[in-house]
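# Notes for the structure review
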There are 2 protein chains.
Amino acid sequence: MVIIQVWISFEIDSIEMQTIQKLQDYFRDKLSTYDYPEQPAALYEPVRYIMGLGGKRIRPVLLLAAYDLYKSDTSAFKAALAIEVFHNFTLLHDDIMDEADIRRGKPTVHVHYDQNKAILSGDVMMIYAYQLLESYPKEFLSLMKTFSQTAREVCEGQSMDMEAEQRDDASISDYLNMIELKTSVLLAAALKMGATLGGASAADQKHLYEFGRNLGIAFQIQDDLLDTFGTAELLGKKIGGDIEQKKKTYLYLKALELLGELQIARLKEIFLDSKIEMDQSRIDEVKDLFTKSHVKVHAEELKLVYQQLALSHLAAVSVNDEKKTTLRRLAESLLNRKV
Amino acid sequence: MVIIQVWISFEIDSIEMQTIQKLQDYFRDKLSTYDYPEQPAALYEPVRYIMGLGGKRIRPVLLLAAYDLYKSDTSAFKAALAIEVFHNFTLLHDDIMDEADIRRGKPTVHVHYDQNKAILSGDVMMIYAYQLLESYPKEFLSLMKTFSQTAREVCEGQSMDMEAEQRDDASISDYLNMIELKTSVLLAAALKMGATLGGASAADQKHLYEFGRNLGIAFQIQDDLLDTFGTAELLGKKIGGDIEQKKKTYLYLKALELLGELQIARLKEIFLDSKIEMDQSRIDEVKDLFTKSHVKVHAEELKLVYQQLALSHLAAVSVNDEKKTTLRRLAESLLNRKV
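Criteria and cut-off values
Residues numbered from 1 in each chain as written. Chains lettered and ligands numbered in written order. Predicted model: local features only at pLDDT ≥ 70, side-chain atom pairs only at ≥ 80, totals over all residues. Helix = DSSP H or I, 4+ residues; strand = E, 2+ residues; numbered from the N terminus. Rg over C-alpha atoms; globule rule 2.2 N^0.38 Å. Buried ≥ 20, exposed ≤ 12 C-beta atoms within 10 Å, placed from the backbone. Contact = placed C-beta atoms within 7 Å. Least-squares fit on C-alpha atoms with pLDDT ≥ 70 in both. Arc of directions from axis to C-beta. Nonpolar A, V, L, I, M, F, W, Y, C, P; charged D, E, K, R; others polar. Core = buried A, V, L, I, M, F, W, Y, C linked by C-beta atoms within 7 Å. Domains from an automatic or database assignment. Axes fitted to C-alpha atoms, helices over the stretch in contact; angles between N-to-C directions. Parallel < 35°, antiparallel > 145°, perpendicular 65-115°, else oblique. Left-handed = near helix turned anticlockwise from the far one by under 90°. pLDDT = per-residue confidence, 0-100.

## As for the overall build of chain A
Helix and strand counts for chain A come out as 17 helices and 2 strands. Computed over its C-alpha atoms, the radius of gyration of chain A comes to 21 Å, within 12% of the 20 Å expected for a compact globule of 339 residues. Projected onto its principal axes, the C-alpha coordinates of chain A cover approximately 75 × 50 × 35 Å. Taken over 339 residues, chain A has a buried fraction of 45%. In chain A, once contacts between residues fewer than 6 apart in sequence are set aside, the share between residues at least 24 apart is 73%.

## Thoughts on the relation of the copies chain B and chain A
Of the transformation superimposing chain B on chain A, the axial component is 0.0 Å and the angular component is 180°, with the fit at an RMSD of 0.0 Å. What the rotation and shift describe, once combined, is the action of a two-fold rotation axis. Interface overlap between copies: 100% of the residues of chain B at the interface are likewise at the interface in chain A, consistent with a symmetric, same-surface contact.

## Observations concerning helix H3 (residues 41-51) of chain A
Residues Leu43(A), Tyr44(A), Pro46(A), Val47(A) and Ile50(A) constitute the buried set of H3(A). Looking straight down H3(A), one finds that the buried residues subtend no more than 150° of arc, so they occupy a single side. Considering only its buried residues, H3(A) is in contact with helix H5 (77-97), helix H6 (109-112) and helix H7 (115-132) of chain A together with helix H8 (140-166) of chain B.

## Focus on the interface of chain B and chain A
With 32 residues of chain B at the contact, the number on the chain A side is 32 residues. Listed by contribution, the elements that provide at least two residues to the side of chain B that touches chain A are helix H3 (41-51), helix H5 (77-97), helix H7 (115-132) and H8 of chain B. Ranked by residues supplied to the side of chain B that touches chain A, first place goes to H8(B) with 14 residues. In terms of residue class, the side of chain B that touches chain A is made up of 20 nonpolar, 6 polar and 6 charged.

## A few points about the environment of Lys296(B)
Residue and element names in this part refer to chain B. Secondary-structure assignment places Lys296 in helix H16 (residues 295-315). A residue is classified by how many C-beta atoms lie within 10 Å of it, and Lys296, with 17 of them, is partly exposed. For the pair Lys296 and Ile264, spaced 32 residues apart in the sequence, the C-alpha separation amounts to 16 Å.

## Digging into unusual backbone geometry
Residue Pro40(A) is reached from Gln39(A) by a cis peptide bond, and omega for that bond is -5°. Despite not being glycine, Lys246(A) shows a phi value in the positive range, around 55°. With respect to the secondary-structure elements, Lys246(A) resides in the loop between helix H12 (241-244) and helix H13 (250-258). The partly exposed category is assigned to Lys246(A), around which 18 C-beta atoms lie within 10 Å. Residue His294(B) is not a glycine yet carries a positive backbone phi of 55°. With respect to the helices and strands, His294(B) occurs in the loop between helix H15 (280-293) and H16.

## Regarding the nonpolar core
In this structure, Leu63(A), Ala79(A), Leu191(A), Leu63(B), Ala79(B) and Leu191(B) are the most contacted members of the largest nonpolar core, which totals 189 residues. Contacts of Leu63(A), omitting those with residues within four sequence positions, involve Ala76(A), Ala79(A), Ala80(A), Ile83(A), Ala190(A), Leu191(A), Met193(A) and Gly194(A).

## Description of the domain arrangement of chain A
All names here are of chain A. Parsing chain A into structural domains produces domain 1 (1-167) and domain 2 (201-339). Distance between the C-alpha centres of domain 1 and domain 2: 25 Å. Listed per partner, the contact involves 10 residues of domain 1 and 12 residues of domain 2. In terms of residue count, the dominant contributor to the side of domain 1 that touches domain 2 is helix H4 (residues 58-68) (5 residues). Split into classes, the residues belonging to the side of domain 1 that touches domain 2 amount to 7 nonpolar, 2 polar and 1 charged.

## Description of the environment of Leu253(B)
All names here are of chain B. Position of Leu253 relative to the elements: it lies in helix H13 (residues 250-258). The class for Leu253 is partly exposed, based on 18 C-beta atoms found within 10 Å. A sequence separation of 141 residues divides Leu253 from His112, and the C-alpha atoms of the two residues are 36 Å apart. Not counting the four nearest positions on each side in its chain, Leu253 is found in contact with Ala170, Ile172, Tyr175 and Lys248.

## Some remarks on the packing of helix H4 (residues 58-68) of chain B against H5(B)
All names here are of chain B. In contact at an axis separation of 8 Å, H4 and H5 are set at 155° when each is read in the N-to-C sense. By the criterion of interaxial angle, the relationship of H4 to H5 is roughly antiparallel. The two elements H4 and H5 meet at a crossing, and its hand is right-handed. Of H5, the residues touching H4 (which contributes Arg59, Pro60, Leu63 and Leu64) are Ala79, Ala80, Leu81, Ile83, Glu84 and His87. Of the residues in the contact of H4 with H5, the class split is 7 nonpolar, 1 polar and 2 charged.

## Observations regarding the environment of Gly212(B)
Residue and element names in this part refer to chain B. Along the chain, Gly212 turns up in helix H10 (residues 202-229). Residue Gly212 is classed as buried on the basis of its 30 C-beta neighbours within 10 Å. The spacing of Gly212 and Ala310 is 98 residues in sequence and 6.8 Å in space, taken between C-alpha atoms. Contact partners of Gly212, with chain neighbours within four places excluded, come to Leu62, Ser184, Leu187, Ala188, Ala190 and Leu191.

## Some details on the confidence of the model for chain A
Residues and elements named next belong to chain A. Averaged over every residue, the pLDDT of chain A is 92; the share at 70 or more is 92%. Of the regions scoring below 50 in pLDDT, residues 1-17 engages in 5 contacts with residues more than four places distant in sequence or in other chains. Here the predicted complex scores 0.92 on pTM and 0.91 on ipTM.

## So, the packing of H4(A) against helix H17 (residues 325-334) of chain A
Residues and elements named next belong to chain A. Between H4 and H17, the shortest axis-to-axis distance is 9 Å and the interhelical angle comes to 155°. By the criterion of interaxial angle, the relationship of H4 to H17 is roughly antiparallel. Touching Val61, Leu62, Ala65 and Asp68 of H4 are Thr326, Leu327 and Leu330, all from H17.

Structure representation (C-alpha cells):
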C-alpha cells in the first residue's frame, strides 16, 4: 500500500514545468479513472458516455497551464474538470438543438439514449460543474463569478447563433460578437480561473483572460477557413460543411462586402432562398465565389490580428518568460498555420 | 426624492412579523418590477414569459418566512428569487420532457416559442439563479452547497420519475424517495437557505430543512389524493389526470398491496398494458378499485405522519413560538384538510 501511494505521489509531483502533452496526458489519466455518481443510472450514464468520447481537452489544459504559471501542484484538477464538464454540457444540449447525430465519430447523447435523458443529463452536468468548484472555498466566490458570467455568455452566444440562422441582416461585428460569446469566453475563463487558483494578481488574471478571448476568436476564424479551404484528409472531416448548412460565417459576410453586385445577389440567393438545395455543385459554386472575393486573405489577416493581440496579452503576464512556453506553444498548435 | 425614499423604506420595514399573504404580496410586487436581462431577446423573452405565468410562489415565501424568524429586513429577496427562478427552470425543462402543452392555463414555453428556445432559456435560468446568490458573499459557499446539492437531487428525482414510467416493479419506498427528491428537497432547501441568511444555528437550519422535507412529502401525498378524490371545481383542474397518465403514485402502489388477487391483476393490466386506452370508463374503473382498496385512508394516515414530523421539527426551532405562526399557517394552508 505504501509503495503505491509513493508512486502516485511521484506521478503527481512530476507535472512541474509542463509541456502541453504532459498536461493533456495528466488530465486524461485523471479523467479516465474519475468516479461520477452512479445512481440513478439513467441520469449519470449519459454523463459518463459524453465525457468518455474524448476530444482535445483544450479548456482544462488551458486552466492547468495557467495555474502552472504560479504553482506546481495538482490541486487545480477539479476546476479543470468543472470546465470540461460544463463544455460537454453545452455540446450535449447544442447537439439536441442542432439535431446533430454524430459527435466525435459516435452517436450523440440524444441519439444514443433519448432526448429527455439528453436534456436532463445536460442539466445535471451543469450543476455538477458548479459542485466541483466547492473544492476551493478560499477562491470560491471569485471562481463562481467568472464561471457563471461565462456560462451565461455561452448561452447568449448560442442564442445569437440560432437567431442568425433566421436573419438575413447579420453583420460582421454581430458574427464576431457571437463567436466571442459562444467560443472564446470559455477559453478565457479557463485561463482566468487557473490564474485565480494560482494566486495571480488581478492584472495577470485580466491578461490571461484576454489572451484566451483573442486566441478563441482567432481559433474560430481559422476553423471557418479550414472548413471551406482545408484538406479533408488533414482535417479528418468533410470540407464545406458550413457552406452546406448555409452558415453565415465570416467568409460569407465578408464576401458580401468584397464581391460585385451580381455575385452578391447570387451568393445571397443561394444562402437565403430556402428552396435552393446545397448539393456539391452549389457548394463548389459558393467556394468559387469565396475564392474570387479573396476573402481568404482577409480572414487570415483578421486571424493574425487576434493572434497577435492574444500573444501581446500573454507577454504582459508578469511571470518568467520561460514559464510561458507551454501557453505560447499551445496557442501555436491551436493556430497552426497550415491552413 | 427624500419623501419617496422614506415611503419606500416604510413599505420595506413593514414586512416584520409577516403573514403569508404579506410575504406573497411582497415577493410578487418585487418580482413584477424585476429587470431580467434584455439581450439577446430570443434568450430572455421566454424567461420573462414563464416567470410571469404566476403561481403560488411557495418556495420563495418559505425562504422569506424562514429568514423572517431571525431578521426582519428585505435582503433575502434575491435568494428567494433564485429559488423561484430555479423552480421555473425545472418546470420549463420538465414540460418539454413531459410534452406538456399547458402550464397555468397558458401555452408552455416550448409550445409558445419553440423547443430549442425552451432548452436554452432553461439553461440560462439555472445559471441566472446561481448568479443571484452572488449577492451574499458572506454566506455564499454555504448557500451554494445547499443549492447545488438540492438542484442535483431534483434532477435525480425527475430521472427516477421518468424511469418509473418504464418500469413495472416500482416500490412504495422508491416512490417516496422519488417525490422527496423531485419535490420536497427544494422546499427544504428554501427554508434552510432563508435560515442560513438569517444567521440561524446549524441545528435550526437542520430543523427547518427537515420541516420542509416532511412538509413536501405530505404535500405530494395530498396532491395525489386530490388528483383522484378531489373536486374539480375546488381544484380548478380535471380529476383523474394521474390515472389517465397511468402514473404510479402512492395510491396505485398501495392499492396493489391492499386489493385481492383478481383486482390486482386487473389494476396492473390497466396500468401496464400500453394497448389499454384510458377513457373515462377506464378512469372510473381504476377509481373504483382505489375506493374498494381503502387506499384513501392509508394515504391520509401517511400524509399525517409526515405532517406531524414536519411540525415537530418546526417546534424544535429555537425561536419564539409566536414567530413561527407564519410557517405553521403556511403548512396548514398547504396541507388543507378539505380533501
